[in-house]
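Residue-level structural notes
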Amino acid sequence: MSGFLMAVLSIFAPAKLNLYLAVTARRPDGFHDLVSIVTPLAFGDTLQTDTADVNEKPGTFSLTCDDPALPCDETNLVLKAARAFAATTGWPGRASFHLEKRIPIGAGLGGGSSNAAAALKALNHLAGPRFALGAEALSQLAAQVGSDCPLFLCDGAIVMRGRGDRVEPFPAKAAARLQGRRVLVFKPAFGIATPWAYAQIAAGAPASYLPLDLAESRIADWSSNFTTPLEDLLFNNLEPAAFAKFVALPVLRKQMRSTFGLKPRMSGSGSACFALLNDDSDVTAITAAIRAAWGDSAFVVTTRLASGA
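Owing to the predicted nature of the structure, the values given are computational and were not obtained by experimental measurement. (Residues numbered from 1 in each chain as written. Predicted model: local features only at pLDDT ≥ 70, side-chain atom pairs only at ≥ 80, totals over all residues. Heavy atoms only, no water.)

For the rest of this paragraph, the subject is the confidence of the model for the chain. Per-residue confidence for the chain averages 93 on the pLDDT scale, and 95% of its residues sit at or above 70. A low-confidence stretch, residues 1-5 stays under pLDDT 50, and its non-local contacts, those more than four residues away or across chains, total 15 contacts. (pLDDT = per-residue confidence, 0-100. Contact = heavy atoms within 4.5 Å.)

As structure tokens, this is what we get:
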């Protein structure tokens, strides 16, 4: 097919953790300003993109998934990203996507945004140099698809600001302190809707927000003090509202602190939580405690903070 570098491409779409999430204010446009340290995980989905089906009309995009619970219609961010790419670049091609889904839905782990970013990466490569976007233009397009999407175009840990559309690399020395850390990620059967979580923090304003200068100074202080453990950086001011409504979260967190000495936090708007582990930590008893509290349907995975997306 003329103009295409290759017909099929598989891209890893990592989950993410918000190690630090400070929501600082509500914006006039209805979104929220935040400061967040986000890192990709070595765990995630895989998106396969195929542009070789000549039976489909140009401009046709389709999506299948091995998880029947995931909507594969026009509400899916993969298809939204594909259509946005075609509209922005004028690329006349077609593509079918297949998603191997591992990141749980409604978890605060960025699965949908990561999938959309993977679609943009794939099409930007497969469309060829005539239609490919530069890094800045691709990031701007990703921000139009979803607030979290640009962060998945970056390598390694990033600092996210604004409504999530302004991203920059975490300073190299600080990022090196994150890379490879072992982590346990766990989620109950229920999810938490992101709009609900942000509506709750807005309802508690101004006390529920962390002032911007304090949010920034906490990051600067940790980054400049190399003896301070990563556990001391962890923060999320979306937790109080979520924990007040979904009491299964704080009950288990208290147990994990008292029994295993862990310091679990919630990622993003939840409901997924995480706890940093030592390399020699035996997770058998911890996993058993999670399933005893939340049932066999609880999601549990041991992985590491990754070096790049």
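What follows concerns the side chain of Ser269. Residue placement: Ser269 occurs in the loop between β9 (265-266) and β10 (273-276). If we skip the residues at most four places from it in the chain, Ser269 touches Gly108, Ile192, Thr194, Ala197 and Leu238. (Helix = DSSP H or I, 4+ residues; strand = E, 2+ residues; numbered from the N terminus.)

This next bit is on the environment of Leu262. Here Leu262 is to be found in the loop between α8 (248-260) and β9. Excluding its chain neighbours within four sequence positions, the residues that come into contact with Leu262 are Met256, Arg257, Ala275, Leu276, Leu277 and Ile286.

Attention now moves to unusual backbone geometry. A cis amide bond, omega 0°, links Ala205 with the succeeding residue Pro206. Within the fold, Pro206 resides in the loop between α5 (194-203) and α6 (212-224). Residue Ser271 is reached from Gly270 by a cis peptide bond, and omega for that bond is 10°. With respect to the helices and strands, the residue Ser271 is situated in the loop between β9 and β10.

Looking now at the nonpolar core. One finds Leu184, Phe186, Leu249, Met256, Met266 and Ile290 to be the most contacted residues of the largest nonpolar core, which totals 35 residues. The element contributing the most residues to this core is α5, with four residues. Every residue in contact with Met266, bar those within four places of it in the chain, is listed here: Asn18, Ile192, Asn236, Leu238, Glu239, Ala242, Phe243, Leu249, Ala272, Cys273 and Phe274. (Core = buried A, V, L, I, M, F, W, Y, C linked by side-chain atoms within 4.5 Å. Buried < 20%, exposed > 50% of the residue type's maximum accessible area, 1.4 Å probe, protein only.)

Let's shift gears to the side chain of Lys16. Inspection of the secondary structure puts Lys16 in strand β1 (residues 8-26). Within the buried core, Lys16 has no salt-bridge partner, and the shortest N-O distance to an opposite charge, that of Asp148, equals 4.3 Å. Looking at Lys16, its side chain comes within polar contact range of the side chain of Asn18, at 2.2 Å. Leave out the neighbours within four places in its chain, and Lys16 touches Val38, Thr39, Pro40, Gly108, Leu109, Gly110, Asp148, Leu151, Phe152, Ser267 and Gly268. (Lys, Arg positive; Asp, Glu negative; His and termini not counted. Salt bridge = Lys/Arg side-chain N within 4 Å of Asp/Glu carboxyl O. Polar contact = N/O pair within 3.5 Å; in protein donor to acceptor, adjacent residues only side chain to side chain.)

The strand order across the open sheet built from four strands is β9-β10-β7-β11, with neighbouring strands paired in antiparallel fashion. Bordering the open sheet on either side are β9 and β11 (299-304), each of which pairs with just one other strand. Relative to β10, β9 runs antiparallel, the two sharing two bridges. Across the sheet, the residue bridging to Arg265 is Phe274, located in β10. Contacting β7 (182-187), β9 and β10, α8 crosses the sheet at an angle of about 145° to β7. Each of β7 and β11 touches helix α9 (residues 284-294); the most contacted strand, β7, lies at about 15° to it. (Pairing = 2+ DSSP bridges. Axes fitted to C-alpha atoms, helices over the stretch in contact; angles between N-to-C directions.)

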